[in-house]
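# Reading the structure
Spelled out, the chains give:
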Amino acid sequence: MSTITSWFARSRTDLAIMDSRGRPLAFFVGNIGSFRLQRYLLKYCLHQGRKVVVLFNGPENPVFQEIKSEAACLNIECIATEQFSGSWKNLKSFRTTGVPLITRLLSAFPFNRWVNGRWPQVGLSLDSFMLLDSVSPCALVVSEDGVSTSQFVLNAAKRMGIPVVDVPYGNATRQDFDIDIERKVSEGNCITTEGVKGWLLSKFAPQWLKTGKHAGQLMFPQSYILKQELLGISIRDPWIVHGGASDRLCAENSLALQQYLEEGIPREKISLTGSPYSDCMLEGLAEDSQASSAFLKSRYIVSGRPRVLVSWPPSYHSIFPGRNEFSTYEEMTVDILDFVSTLRDCDLTVSVHPAADAKVHELLNGIGISTSADDVIRLLPCNDIFITYFSSSIRWALGAGKVVLNYDAYRIGLDNYSSAPGFWTTAESAQLKTRLAELVANEAEFARLAGAQAADAPNWGFLDGKCNERILAEIDQLMEKHIGGH
């Protein structure tokens, strides 16, 4: 009898899984960078016959329009979450499951000036439930689950039994949060605990109080944090990128796994899958036979003619005033890139960060430098030397065995990549120029660094072409676990 019962239970679960796979995978993005990472995974999911939808965390602004346009090329629907703003107010009762009792009670008040002005989190929370109820995804894929994403949407997903999978695209650590707090302190914009609210925070949500350097600082105003906590929208650790409530964190490489463990993320939550970026690099490599034959070898792709790839950042002169050796971003851009473009016997490719505005392209065109429209990740394995400013793409360059010259333009001193033998950094443009000229002129020195980095490459990523496959397998496993009642 127990065997028959088990068979029927298994059959019901199988049918439920089939039904779930008929519902879309929702890719939740907040900027063009996270979308372009997830685009590689969602294309793979499409090829596997899955339905997908893109949810943009924000209004129908120019960034949304750009993402919507790129998604349309794949026949994928893109929805701005703010389309659902206030959508719950016309309902007499909530059809969705999981809405906390406190949220229901607060929403029972007339949505007047008092509620709207003092408890905006109520509306944001309920809008998130309505969004997910409308889309009905089988799983939610995010690029981070910490404070930089919408905790309202993630909280709604968790309460509605929708699995949340975190596929990282950035490479930030606690050090990045320290740098941001130091900047706020220097500007006099720091937020600290005080009074009764401060006491409540320290007693019931102490994770929001920074520890270590600048201990006691807050990321957001006390009232904002307390209201979210009261509504049940909490976060385990606000001071790391992946400190939220996703069900699975897909670690990009062994170094990332170690970082996440040191940050206190539970081991059972982490799966070592690799990143869609690694699979993307292999696609770019397959289109360049010369780069493919030289891949992970101690030589230039083309003997005597090194390929140099520059990933140029947007301006942070206003965010970090006085830190750069050049008085203006424009002066910095012209000085360095004009030098790089005049180097003899090398091929230059310039990629501009997606966050940079059109003026940067105009500036480069003015000094005779054309920019590439190709994705920088696809370009990485097809070049010898990578020049950038603390871009998260550095790890993929290192994973491809490339030599990286980092210009620490704003002197922030991150140490994310210091263990890599092929990584070199300076805050002085003169030193950058000298080092680049040495590597272009001295193939033996380049070969020494490239060989060392090729040996270290496995620490930075998987190059078996199966990262997307492993990530989708994790998603399916979580779906089955949720359907089967854990």
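Attention here is on the structure that accompanies the text. In this text the structure is predicted, and so the values were computed from the model without any measurement.

### Some points on the packing of helix H2 (residues 32-47) against helix H20 (residues 467-483)
Here H2 crosses H20 at 75°, and the two axes come no closer than 10 Å. Judged on the interaxial angle alone, H20 and H2 are roughly perpendicular. Every residue of H20 that contacts H2 at Tyr-40, Leu-41, Tyr-44 and Cys-45 is listed here: Asn-468, Glu-469, Ile-471 and Leu-472. In terms of residue class, the contact of H2 with H20 is built from 6 nonpolar, 1 polar and 1 charged.

### Looking at the sheet that holds strand E13 (residues 403-407)
The strand order across the open sheet formed by 5 strands is E11-E10-E12-E13-E14, and the pairing between neighbours is parallel. Each having just a single partner strand, strand E11 (347-352) and strand E14 (423-426) make up the two edges of the open sheet. On average, each strand axis in the sheet is tilted by 15° relative to the strand beside it, whichever way the strands run.

### Description of the sheet that holds strand E4 (residues 139-142)
Taken together, 7 strands build an open sheet; the order of strands is E3-E2-E1-E4-E5-E8-E9 and the sheet is parallel. Looking at the sheet topology across the chains shown, the edges are occupied by strand E3 (77-80) and strand E9 (270-272). Averaged over all pairs of adjacent strands, the angle between their axes in this sheet comes to 25°, without regard to strand direction. When strand E2 (residues 52-56) meets E3, the two strands line up parallel, connected through 4 bridges. Paired with Phe-56 across the two strands is Ala-80, which belongs to E3. Of the strands in this sheet, strand E1 (25-29), E4, strand E5 (164-166), strand E8 (248-251) and E9 are in contact with H20, which crosses E8 at around 165°.

### Regarding the packing of aromatic side chains
Applying the stated criterion to the full structure yields 15 aromatic pairs. Their ring planes at 35° and their centres at 4.7 Å tell us that Tyr-300 and Phe-446 sit as a pair that is tilted. With Tyr-300 in the loop between helix H13 (289-294) and strand E10 (307-312) and Phe-446 in helix H19 (residues 443-456), this residue pair connects regions lying 146 residues apart in the sequence. For the pair formed by Tyr-300 and Phe-446, the shared burial category is buried. Where Tyr-389 meets Tyr-410, the ring centres are 5.5 Å apart and the plane angle is 75°; that geometry is what we call edge-to-face. Here the residue Tyr-389 occupies a position in the loop between strand E12 (385-388) and helix H17 (394-399), and Tyr-410 occupies one in the loop between E13 and E14, the gap between them amounting to 21 residues. For the pair Tyr-389 and Tyr-410, a shared accessibility class is recorded, and that class is buried. One aromatic cluster is present, formed by Tyr-316, Phe-320, Tyr-389, Phe-390 and Tyr-410 through successive ring pairs. Over the aromatic face of Tyr-40 sits the side chain of Arg-39, whose NZ or CZ is 5.7 Å from the ring centroid. Taking NZ or CZ as reference, Arg-470 lies 4.8 Å from the ring centre of Phe-462, over its face.

Conventions used here
Residues numbered from 1 in each chain as written. Predicted model: local features only at pLDDT ≥ 70, side-chain atom pairs only at ≥ 80, totals over all residues. Heavy atoms only, no water. Axes fitted to C-alpha atoms, helices over the stretch in contact; angles between N-to-C directions. Helix = DSSP H or I, 4+ residues; strand = E, 2+ residues; numbered from the N terminus. Parallel < 35°, antiparallel > 145°, perpendicular 65-115°, else oblique. Contact = heavy atoms within 4.5 Å. Nonpolar A, V, L, I, M, F, W, Y, C, P; charged D, E, K, R; others polar. Pairing = 2+ DSSP bridges. Phe/Tyr/Trp six-rings, centres within 6.5 Å; stacked < 30°, edge-to-face > 60°. Buried < 20%, exposed > 50% of the residue type's maximum accessible area, 1.4 Å probe, protein only. Lys NZ or Arg CZ within 6 Å of the ring centre and 35° of its normal.

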